[in-house]
Each structure stands twice: as C-alpha cells, then as structure tokens.
Amino acid sequence: MTLEVGSTRTTVTVSAGSGTAVETETASLSNLHGSMEFSQLPQSIYGRSFANVAKVTAAVQGANGQFVVNGAPDSANNFTLDGVTTMDLANTRVSPDNFDIDIDGIQTLKVQTANNSAEYGQVAQFSAYSKAGTNDYHGSAWWGNFNSYFSTRDFFDTTSQKPSFTNNNEMAATIGGPVNIPGLYKGKDKTFFFFSYGGQRYRVGQRGYFSVPTSDFRNGNFSALCSSYDANGVCTPGSGIQLKDPATGTPSDPTTWQPFAGNIIPSSRISSVSNTLQNMLYPAPNRPGTGTYGIGNNYTYDPGYQFNYDAFSIRVDQKISDRNTMFARLGITAHNQDIDNGYLLNGLDGNYMGNIPGHNLVISDTQTISPTLLNEARFGFTRLLYTNGTGAPLGVDYISQLGLQGVGGVGDPAYANNLPRFTFDRFRGTSGTNHNNNAQNIFEYTDNMTWIHNKHTFKWGTDIQRFQLNNVSIPNNHVGAFGFGNNISGFDYANFLLGYPSTTTLATPTPGAYSRSTLWAFYLQDDMRVTPKLTI
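What counts and how
Residues numbered from 1 in each chain as written. Predicted model: local features only at pLDDT ≥ 70, side-chain atom pairs only at ≥ 80, totals over all residues. Heavy atoms only, no water. Helix = DSSP H or I, 4+ residues; strand = E, 2+ residues; numbered from the N terminus. Rg over C-alpha atoms; globule rule 2.2 N^0.38 Å. Buried < 20%, exposed > 50% of the residue type's maximum accessible area, 1.4 Å probe, protein only. Contact = heavy atoms within 4.5 Å. Areas by Shrake-Rupley, 256 points an atom, 1.4 Å probe, with all protein chains shown as cover. Lys, Arg positive; Asp, Glu negative; His and termini not counted. Charge placed at Lys NZ, Arg CZ, Asp CG, Glu CD. Pairing = 2+ DSSP bridges. Axes fitted to C-alpha atoms, helices over the stretch in contact; angles between N-to-C directions. Disulfide = S-S within 2.5 Å. Polar contact = N/O pair within 3.5 Å; in protein donor to acceptor, adjacent residues only side chain to side chain. pLDDT = per-residue confidence, 0-100. Core = buried A, V, L, I, M, F, W, Y, C linked by side-chain atoms within 4.5 Å. Phe/Tyr/Trp six-rings, centres within 6.5 Å; stacked < 30°, edge-to-face > 60°. Lys NZ or Arg CZ within 6 Å of the ring centre and 35° of its normal. Salt bridge = Lys/Arg side-chain N within 4 Å of Asp/Glu carboxyl O.

Observations regarding the overall build of the protein chain
Across its full length, the protein chain carries seven helices and 30 strands. The C-alpha radius of gyration computed for the protein chain amounts to 33 Å, which surpasses the reference 24 Å derived for 536 residues by more than 25%, pointing to a less compact arrangement than a globule. Taking the principal axes of the C-alpha coordinates as reference, the protein chain spans close to 125 × 75 × 55 Å. Each of the 536 residues in the protein chain was classed as buried or not, and the buried ones make up 42%. Long-range contacts, defined here as pairs at least 24 residues apart, represent 67% of the contacts in the protein chain between residues at least 6 apart. In the structure as shown, the protein chain presents an accessible area of about 28,000 Å², 55% of it carried by carbon and sulfur atoms. Here the protein chain holds 33 positive side-chain charges and 39 negative ones, and the gap between their average locations is 4 Å.

Right, here's the structure in full:
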C-alpha cells in the first residue's frame, strides 16, 4: 500500500455582511446604525437612549441634551420615526420623549449630516425605523441596576461618609411574530406584530441644609440678637440688633419708633396668620447652627429625588399583496416624570413635579405600482404634553386656613387658594404655586413617489403638517408673594411675626395661548447617473 501526501489548501471568503456601504449614487454624508449597535454599544447608566449611539457619528456632538451637527445650531435638525416627525414643536428640537419608543424597538437609525436630498430641508436628518415582526416568534428581556452600594465617594469628597444614596433600575422587553388567533386567523406570511417596552426608576438622595427659626424666635423671643442690654432692656450700641416697634411713634419716621424691651415681642402682637403658617411650615432645628446668631443651616433633610419613565410601542404589519404592504404603529410615553419633594413640613416649602407624556402614531401604505414606480403614503399624529409646577399640594384651601384677606379665589379651584409665596433674608420660605401646561399636536400627511426611468431617478412628494399649540400658565405669585427683609423692625423674622412684609406682589394669570398653523412642503429631485462613476 502506498500512501500519497495530500494537498494543503486554505480558503478565505470575504463578504460585505451587514457593514455600512459607501453611497456612490448620492453626495449625502450619512451613517447607518443598526439594532446590534443599540444592544452592544455602551449605554449611559443614567438612561438608555438613541443619543448614546447617534453621538458616535462623525460631525455629531452633544450639547445640553441636544445635537450639534457640523457646528450648525441645535435647532437645525429634523427627527423622524418611520417617516413621521417626532419634533418638539415649541423648541424646534428633538422631543424630550425622543422617539416614544425604547431603543430595543429601533431597527435602524440613519444620521445624515451633510448634502441631504431635497426631501429633507434641515441641515441634518435623524431617521429612525422601528422593528417589525416576522414569521418566527422572538422576544427579549433586559434589566440593569446601578446603585450607591457599588460606588465609591466622589473624587473630591474627602470625608469618611458613605456615598449619597442612588438606586437606578432600568428594564426593557420585546416580543414579535405572526398574528395568530387559534381557530380564527393565521397570520403567517401576512400579518405580524412587534411590541416593545422600556422603563426606568431612578432614585437619588438630595440632602439639603437650610435655616429655620428656633423655638424662641417662633415665640417672639429674639434676645439672642444682642449680647448686652442696658437696664431698660435696650441693646447696647455695638452689641447686636435692636428690634423696633413700627406701631409706635410716627409711622413715616423710624427714628421715633420705640424699641422692644429685651428684643421680645409680646404674644399679643404676633400675627395670627404668621403663627398659623409657622406651625404649618417649620420643623424644629436638628443640627447646630452657624453664623453670628447660630441659626445658619441649622436644619437638614433629604426628601430624595425621583425619575420615572415608561414607554410602550406596538406595531402591526399587513401584507395586502405582493405589491402592497401597510403597517400601523403606536408609541406611548406614559411617564417622563421628575419629582422633587420639599424639605420642610409636608413639603410646603415647594414640591416640584414635571411630566412629559407623549404619543406618536403612524399609518403607512407602500405600493409598488410597477417595477420602476413606487409610492409611499403616511399619516402621522404626534402629541407632546409639558406639564410641570411647583408649590404645596393642590386642591387645599390654604388661604382660608391662614386667614389671609384680599388674595386667592381666582381661576382654577385647584390653584386659586394655594399657599402664597413667603420669602426671608435668612430663613427658608415657600416657593409659591405655579403651573405650566403646554400641549402640542402635530397632524401630518406625507406622500413620496419614486420613478426610475433610464438613467434618471425621479423622486417627488409633499409633507403637510398641521400644528396646534395650547399653552396655559399660572404664575407663582397669583395668590400673592410676601417678602420679609430687615428694613422695618430690624430683623426679617420679627417682621414676619408682626405681619409687616417688606414687599408684596400679586400677579394676574394671563389667558391661555392657542396657536394654529399649517406647513406645506413640496420637493422634486432628479438624480441622473451619467456614467457608472458620475451621478448628478
């Protein structure tokens, strides 16, 4: 038997795969990001967003939550999802809800940074496309957590205290496939669905240090303001502050006002409004105070900060024929919510709540009229609602509880008798109550036709958008603002107890603004391929 040496051969196969191809038919500069990049590129621990991927595009920079492309203003961009706008109408920038869809529901994101076609009128175009279901069922689930137990102190924090409390939970889930209703309908090769959800629950400590009145101050005893008194209870010169009684002497001549003996205000002189408010608002000091009178930052509390986010998206595709397909998708951002609680009793110094829910609907029909003629028609509806406000809990009649006269009772009952604004030179007061409600609606119809004829590729179409902008704003001084300084009795909190504000303000809410407008846009483009190497 003779054994022969066999041949050695190595074969290397190179294929284009899913890499981004160079566009030789157009002069546009663009970058295509696929779903793999959204799932594998690092995401911010503070929130998963398409922005983390878009910002790795050449010529794209982040700026205050927006995008600057090739140095142009951040308002010179256009954002669409499945061909329908997702813009913030009031600010002409990307919506705070982004695309009203979790990144796991995005199939591709195309970022065009220069030399855009006539179809896009802005400097840069961010075009996202949602995932569609297939003949196979696929799903995914994801959860991530970042918290202070796995963190070190800030680099500049040299204390031995533990890091500030942080707990951030992010979650996402998707499922898609054919629409099957046992015994009724089988959607294989015809009807498909894709659902996605993304959520976030962010909690972080927000400790604050403030000055609150001491028990003596609240009872009218301000003897701590002076270190030495004469036999008549008058503060000796250079020993501190001497309180004066504005109800004595000539009202217009402070030099005639008599001093409060020992800097003590009789209980009979303390305003009932002030007494009710201080009992309602102020906790007792819980730490040693600083400063001349030992009242600086004598109170600390951590009410925490919350951020809640929930976004849902459902898409249904229908194959009507080999030449006609349709799909409808609804995206809902149920919560994009910030909650800041107040520091004083029951948060009466001023809670803050902001929420920006949104909706995005698209219905698309694509018809292949002939091998060289294609039509795409879409209807879209985008709604964005800014709602935010500060102040005490709504719907409570604080005006009656305090016994205030001459303010309140005007406008929306939820705000008409809310807690007014009280400010002090030395102590934490109340923020007053304000509310802003900005509702934006965009109704959109687009139609694009593509015709390939010889060396020409013609594309023309229209984009019609109907804008509705409804803005209602309630200023925080609509139930009054009272400022207490040191220019009357000599000390701000003494003025408060006596009922003598240094400044007063009353704002009148303006009527709501309801704007309506329509955008009509048309375009026509002809790309002619003169030679295999030249397209004009």
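There is more to say, and it comes next.
Points about the sheet that holds strand β27 (residues 481-484)
Ordered in space as β24-β27-β28, the three strands form an open sheet in which the pairing is mixed. Each edge of the open sheet carries a strand with a single partner, namely β24 (421-424) and β28 (503-505). Strand-to-strand, the axes of this sheet are offset by a mean angle of 10°, without reference to chain direction. Taken together, the three bridges between β27 and β28 define a ladder with antiparallel strand orientation. Residue pairing for β28: G483 is matched across the bridge by T503.

Some remarks on the state of the cysteines
A covalent bond between the sulfur atoms of two cysteines is referred to as a disulfide. Scanning the model with the defined rule gives one disulfide in all. Note on cysteine connectivity: C226 is disulfide-linked to C235, with sulfurs 2.0 Å apart. Disulfide C226-C235: the torsion about the S-S bond is 85°, which places it as right-handed. Both residues of the pair, C226 and C235, belong to the buried class.

Here's the deal with the pairing of strand β19 (residues 305-321)
Bridge analysis of strand β14 (residues 191-204) against β19 gives 14 bridges, and the strand direction is antiparallel. The residue of β19 that forms the bridge with F194 is R315. Both β19 and strand β20 (residues 324-340) contribute to a ladder of 16 bridges, which runs antiparallel. Note on β20: the bridge partner recorded for D310 is H335. Here β19 hands over to β20 after two residues, the two strands then running antiparallel side by side.

Quick look at the side chain of D102
Among the secondary structure elements, D102 is positioned in the loop between β7 (93-94) and β8 (106-114). Here D104 takes part through its backbone nitrogen, which lies 3.0 Å from a polar atom of the side chain of D102.

Here we look at the confidence of the model for the protein chain
Averaged over every residue, the pLDDT of the protein chain is 89; residues scoring 70 or more account for 93%. Note that residues 17-21 has pLDDT below 50 and, in this model, one contact with residues that lie over four places away or in other chains.

Looking at the sheet that holds β8
Strand order in the open sheet formed by five strands is β1-β8-β9-β4-β5, with mixed pairing between adjacent strands. Looking at strand neighbours, the two that pair on one side only are β1 (29-34) and β5 (84-85), the edges of this open sheet. Pairing geometry for β8 and strand β9 (residues 124-130), over six bridges, is antiparallel. By the bridge assignment for β9, Q112 is matched with Q125.

Digging into the nonpolar core
Counting residues in each nonpolar core, the largest one holds 36 residues, and the members touching the most others are F222, F422, F491 and Y493. Elements with a contribution of two residues or more to this core: α4 (272-281), α5 (398-402), β24, β27 and α7 (492-498). With five residues, the top contributor of residues to this core is α7. Those residues in contact with Y493 that sit more than four places away from it in its chain are P213, F217, R218, F222, Q278, Y282, F424 and F427. Membership of the second largest hydrophobic core comes to 21 residues, among which are A51, M87, I101 and L109.

Some points on the environment of I442
Inspection of the secondary structure puts I442 in strand β25 (residues 434-453). For the pair I442 and Y514, spaced 72 residues apart in the sequence, the C-alpha separation amounts to 14 Å. Dropping the residues within four chain positions of it, I442 is found in contact with T85, M87, L89, G380, F381, T382, Q465, R466 and F467.

Comments concerning the environment of A392
Position of A392 relative to the elements: it lies in the loop between β23 (373-391) and α5. Each C-alpha atom, one on A392 and one on N351, is 6.2 Å from the other, the two residues being 41 residues apart in sequence. If we ignore the near neighbours within four places in the chain, the residues touching A392 are L348, Y398, N418, L419 and T433.

Description of the packing of aromatic side chains
Evaluation of the coordinates by the stated rule reveals 25 aromatic pairs. With centroids separated by 5.4 Å and ring planes inclined at 25°, the aromatic side chains of W451 and F458 adopt a geometry described as stacked. Given a relative accessible area of 33%, W451 falls into the partly exposed group. Through pairs of rings, three or more aromatic residues link up here, namely F217, F222, Y282, Y293, F424, F427, F484, F491, Y493 and F496. Over the ring of W142 we find R48, and its NZ or CZ is 4.3 Å from the ring centre. One Lys or Arg, R315, reaches over the ring of F327 and ends 3.8 Å from the middle of that ring.

Section: the pattern of salt bridges
Side chains that differ in sign of charge can pair as their charged atoms come close. As enumerated under the stated definition, the model contains 13 salt bridges in all. Ionic pairing is found between D82 and R329, a salt bridge with its closest N-O pair at 2.7 Å. Of this pair, D82 sits in the loop between β4 (77-81) and β5 while R329 sits in strand β20, and the two are 247 residues apart along the sequence. R329 gets classed as buried once you look at its relative accessible area, which sits at 1%. For R428, the salt bridge is made with D349, and the minimal N-O distance between the two is 2.7 Å. Taken together, the residues R428 in the loop between β24 and β25 and D349 in the loop between β20 and β21 (351-355) connect sequence positions 79 residues apart. You can call D349 buried: its relative accessible area is 2%. Linked through salt bridges whose partners overlap, the residues forming this network are D82, R315, D317 and R329.

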